[in-house]
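Examining the three-dimensional arrangement
Here is what each chain is made of, one letter per residue.
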Amino acid sequence: MTTPPTDPDRTCENCGRWVDQRELLFNVRLQIMAEKTLDLTPAATNDLENSTESLQELIEALSCYTDEQVQEATDQVHEEFRFNLCPQCRHTLHQRIKQRRNLLF
Ligand SMILES: [Zn+2]
């Protein structure tokens, strides 16, 4: 049984080409994380009272954000993407990652 060419599960999400069942389809999982995250544990602050005040200040500051600003702030800490690539697009991504050049363009 052959999967129809419109099967979205076998479409390269970079070039849009449908990947035949006889070809390898590559699943990419990409995580972007901030180098450091805010440590709100009491041990990371002078004492529990200061930590509670800092947390309260943070909550008050976040309450002024729009939903989009909260989402952007969240994305800046951690984002994860999953997508499919055809063999050619995987090869291009592989080469760019190995060279650490032109990763984004
Ligand atoms: Zn492709």
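The preceding data block contains the structure.
Ligation of the zinc ion by protein atoms is provided by Cys12 (SG), Cys15 (SG), Cys86 (SG) and Cys89 (SG), these donors lying 2.3 Å from the ion. The site at the zinc ion holds four donor atoms, and with the angles between them running 104 to 115°, its shape is tetrahedral. Donor residues for the zinc ion, ordered by position in the chain, follow C-x2-C-x70-C-x2-C. Of this pair, Cys12 sits in the segment before β1 (26-33) while Cys86 sits in the loop between β2 (78-85) and α3 (87-99), and the two are 74 residues apart along the sequence. The pair formed by Cys12 and Cys86 is uniform in burial state, with each residue classed as buried.

What follows deals with the packing of aromatic side chains. Under the counting rule described, the total for this entry stands at zero aromatic pairs. The residue whose ring lies beneath Arg90 is Phe26, and the NZ or CZ to ring-centre distance is 5.1 Å.

Next up on the list: the pattern of salt bridges. Across all of its chains, the model carries three salt bridges by this definition. Taking the shortest distance from any N to any O, the salt bridge between Arg22 and Asp20 comes out at 2.8 Å. Judged by relative accessible area, which is 76%, Arg22 ranks as exposed. By relative accessible area, which is 19% here, Asp20 ends up buried.

Moving on to α3. In this model α3 runs 18 Å from its N-terminal to its C-terminal C-alpha over 13 residues, within 8% of the 18 Å that 1.5 Å per residue would give. Phi turns positive, to about 55°, at Arg100, one or two residues after α3.

On to the side chain of Arg10. With respect to the helices and strands, the residue Arg10 is situated in the segment before β1. The exposure class of Arg10 is buried, given its relative accessible area of 14%. Engagement of the side chain of Arg10 in a polar contact is seen with the backbone oxygen of Asp20, the distance being 2.9 Å. Separated by 3.0 Å, the side chain of Arg10 and the backbone oxygen of Glu23 make a polar contact. Arg10 has contacts with Arg17, Trp18, Val19, Asp20, Gln21, Glu23 and Leu25, leaving out every residue within four places of it along the chain.

About the cut-offs
Residues numbered from 1 in each chain as written. Predicted model: local features only at pLDDT ≥ 70, side-chain atom pairs only at ≥ 80, totals over all residues. Heavy atoms only, no water. Donors = N, O, S within 2.8 Å, 3.2 Å for Na, K, Ca; no water. Tetrahedral: all angles 85-135°; square planar, octahedral: opposite > 155°, others 65-115°. Helix = DSSP H or I, 4+ residues; strand = E, 2+ residues; numbered from the N terminus. Buried < 20%, exposed > 50% of the residue type's maximum accessible area, 1.4 Å probe, protein only. Phe/Tyr/Trp six-rings, centres within 6.5 Å; stacked < 30°, edge-to-face > 60°. Lys NZ or Arg CZ within 6 Å of the ring centre and 35° of its normal. Salt bridge = Lys/Arg side-chain N within 4 Å of Asp/Glu carboxyl O. Expected span 1.5 Å × (residues − 1). Polar contact = N/O pair within 3.5 Å; in protein donor to acceptor, adjacent residues only side chain to side chain. Contact = heavy atoms within 4.5 Å.

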